[in-house]
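Chains, contacts and geometry: an overview
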Amino acid sequence: MHVSLRPLSILALFVLLVLVVYQEVGALGMLGWDGWPLVAASQVSSIGDLFGTFGEKLMDGRYPHGEFYRPITHLAFALDEALHGLAPRGYHLTDQLLLATCAAVLAGLVAKLGGGLAGVLAGLVFLLHPAQLEVLPVPARRADTLALLFGLACLWAHADGPRTHGRRVLVGLLAFAAAGSKETGVWIAPAIVAWSLVRGEGPLARRWLPAVPALSGVALYVLLRTVVLGGLGGHAGEVGPTVSTTELWAGLLVGVLAPEPVLGLSSTALAWTVAVLLAAAA
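Quick look at the structure, then. (Residues numbered from 1 in each chain as written. Predicted model: local features only at pLDDT ≥ 70, side-chain atom pairs only at ≥ 80, totals over all residues. Heavy atoms only, no water.)

**Focus: the overall build of the protein chain**
Stated precisely, the cut-off is as follows: Each helix corresponds to a stretch of at least 4 residues labelled H or I by DSSP, and each strand to a stretch of at least 2 residues labelled E; elements are numbered beginning at the N terminus. Buried means the residue's accessible area, taken with a 1.4 Å probe over protein chains only, is under 20% of the maximum for its type, while exposed means over 50%, and partly exposed covers the values in between. Residue contacts follow a heavy-atom distance rule, with two residues in contact if any of their heavy atoms lie within 4.5 Å. Residue-level accessible areas treat just the shown protein chains as cover; the underlying method is Shrake-Rupley with a 1.4 Å probe.
The secondary structure content of the protein chain amounts to twelve helices and two strands. Listed N to C, the secondary structure of the protein chain is α-α-α-β-α-α-α-α-α-α-α-β-α-α in terms of helices and strands. A buried classification covers 39% of the 282 residues belonging to the protein chain. In the protein chain, of all internal contacts separated by at least 6 residues, the share reaching a separation of at least 24 is 71%. Roughly 15,000 Å² of accessible area belongs to the protein chain as shown, and the carbon and sulfur atoms make up 68% of that amount.

Written out as structure tokens, the structure is:
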């Protein structure tokens, strides 16, 4: 079955769903201990402050658990502060819109591979997954959503349209934005290379070349991060118990398919697991 829907229609649908399903989030305060420090560190009052964001550490170096470089997340908080002041509802609204946009971009990307119906299903599964409640109520965790949003947009821009100079610049900027939102955004580099190798044309040894703009964007982020932090930075000391690769992937699989324990448990979690399996099969 082929379903073709306009991207703006999908975005409007997802925005409506987010506002209805997660309406209680808007009434929450600024949850998370790092929310207000991020607001204070991200304020922009001049052009100098705007460009200076790209030369600052996360929370102006006051993050207690290590040194990080996330200028795009700082800019997102600066925009919120300019629009909403210190009203938590405004920050939650931004996060809701970011989630809806991320789901819409995912739907568009998947539609390129499997048609409109597959894209809509993928977007809905992402949008309604219970794991969103780990991120959405806490504004400081929008870094994860931003990194995924810009990464998916980068992949879409890479896959869509001719390889013009403007398109290559756009792909590079989106790759930088993904990594500049949160370190996990560097996932776009291997993803773009894999996409190019699998779906590219010509000799296999040269298929990776269209991935150069995205790789350049990530490389620029790593360079700026190294300069600003005086090294690669990262968490200070031990951040938690180590686990084996098998335990890690098993935990991720369970978290995706059954965010709540399935055995002995609520019908909601069981229904969610079945819904995800059916959507994957479709």
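**Examining the nonpolar core**
The following threshold applies: We call a set of buried Ala, Val, Leu, Ile, Met, Phe, Trp, Tyr and Cys residues a nonpolar core when their side-chain atoms join them within 4.5 Å.
Core analysis: the biggest nonpolar cluster contains 37 residues, and Phe14, Leu99, Cys154, Ile188 and Ile192 have the highest contact counts within it. Of all the secondary-structure elements, those providing two or more residues to this core are helix 1 (7-21), helix 5 (88-114), helix 6 (116-128), helix 7 (142-159), helix 8 (165-181), helix 9 (188-199) and helix 10 (212-229). Top contributing element to this core by residue count: helix 5, with ten residues. Apart from residues lying up to four places away in sequence, Cys154 is in contact with Val171, Leu174, Ala175, Ile188, Ile192 and Ala214. One finds Val39, Tyr63, Phe68 and Val138 within the second-largest nonpolar core, a separate group that totals eleven residues.

**Overview of the packing of aromatic side chains**
Condition: Here is the rule: rings of Phe, Tyr and Trp (six-membered ring for Trp) pair when centre to centre is within 6.5 Å. Planes less than 30 degrees apart are stacked, more than 60 are edge-to-face, and the remainder are tilted. Whether a charge sits over a ring comes down to the Lys NZ or Arg CZ being within 6 Å of the ring centre and within 35 degrees of the ring normal.
For the structure on display, the rule yields six aromatic pairs. Aromatic pair Phe77 and Tyr91: ring centres 6.2 Å apart, planes at 35 degrees, arrangement tilted. Here Tyr91 lies in helix 5 and Phe77 lies in helix 4 (residues 71-84), a separation of 14 residues in the sequence. Connected via pairs of aromatic rings, a cluster forms that spans Phe54, Tyr69, Phe176 and Tyr221. Residue placement shows Arg70 over the ring face of Phe68; its charged tip is 4.9 Å from the ring centre.

**Topic: the packing of helix 8 against helix 10**
The condition that has to hold: Note on geometry: axes are C-alpha line fits, over the in-contact stretch for helices, and angles between N-to-C directions span 0 to 180 degrees. Note on terminology: angles under 35 degrees are roughly parallel, angles over 145 are roughly antiparallel, angles of 65 to 115 are roughly perpendicular, and the others are oblique. Note: crossing handedness is left-handed where the near helix turns anticlockwise from the far helix by less than a right angle, and right-handed where it turns clockwise.
Closest axis-to-axis distance for the helix 8/helix 10 pair is 7 Å, and the angle between their directions is 40 degrees. One element, helix 8, and the other, helix 10, form an angle in the oblique class. Remark: the crossing between helix 8 and helix 10 carries right-handed chirality. Residues Arg168, Val171, Gly172, Ala175, Phe176, Ala179 and Gly180 of helix 8 form the contact with helix 10, whose participating residues are Pro213, Ala214, Gly217, Val218, Leu220, Tyr221 and Leu224.

**Section: the packing of helix 1 against helix 6**
To be explicit about the condition: All amino acids are sorted into three groups, where Ala, Val, Leu, Ile, Met, Phe, Trp, Tyr, Cys and Pro are nonpolar, Asp, Glu, Lys and Arg are charged, and the leftover types, Gly among them, are polar.
Contact geometry of helix 1 with helix 6 gives a least axis separation of 11 Å together with a crossing angle of 25 degrees. Relative to helix 6, the element helix 1 is oriented roughly parallel. For the crossing formed where helix 1 meets helix 6, the hand is right-handed. Between helix 1 and helix 6, the residues in contact are Ile10, Phe14, Leu17, Val18 and Val21 and Val120, Gly123, Leu124, Leu127 and Leu128, respectively. Per-class residue counts for the contact of helix 1 with helix 6 are nine nonpolar, one polar and no charged.

**Thoughts on a nonpolar patch on the surface**
For clarity, the cut-off: Within the patch definition used here, like charges are joined within 9 Å and nonpolar side chains (Val, Leu, Ile, Met, Phe, Trp, Tyr) within 5 Å, considering only residues with over 30% relative accessible area and no salt bridge. Any Lys or Arg side-chain nitrogen located within 4 Å of an Asp or Glu carboxyl oxygen qualifies as a salt bridge.
Side chains of Leu197, Val198, Leu204, Trp208, Leu209 and Val212 sit close together on the surface and give an oily, nonpolar patch of about 530 Å² of accessible area. If you trace the backbone, Leu204 turns up in the loop between helix 9 and helix 10. What makes Leu204 exposed here is its relative accessible area of 56%.

**Regarding unusual backbone geometry**
Even without glycine at this site, Met59 takes up a positive phi of about 55 degrees. In this structure, Met59 sits in the loop between helix 3 (47-52) and strand 1 (66-67). With a phi angle near 55 degrees, Asp60 is a residue other than glycine that sits in the positive phi range. Secondary-structure assignment places Asp60 in the loop between helix 3 and strand 1. For Asp60, a relative accessible area of 36% puts it in the partly exposed group.

**Here's the deal with the pattern of salt bridges**
In total, this model carries seven salt bridges according to the counting rule given. Of the charged contacts, one joins Asp80 and Arg142 as a salt bridge, the two residues approaching to 2.6 Å between their closest N and O atoms. In this pair, Asp80 is assigned in helix 4 and Arg142 in helix 7, connecting sequence segments 62 residues apart. Exposure class is identical for Asp80 and Arg142. Each is buried. Residue Asp144 pairs with Lys182 through a salt bridge whose shortest N-O separation is 2.9 Å. In this pair, Asp144 sits in helix 7 while Lys182 sits in the loop between helix 8 and helix 9, placing the two residues 38 residues apart along the sequence.

**A few points about the side chain of Ser42**
Mapped onto the fold, Ser42 is located in helix 2 (residues 35-42). Classification of Ser42 as buried rests on a relative accessible area of 3%. Here Ser42 is in contact with His74, Phe77 and Ala78, once residues within four sequence places are set aside.

**Considerations on the environment of Leu93**
Its place among the elements puts Leu93 in helix 5. What makes Leu93 partly exposed here is its relative accessible area of 35%. The spacing of Leu93 and Val18 is 75 residues in sequence and 9.8 Å in space, taken between C-alpha atoms.

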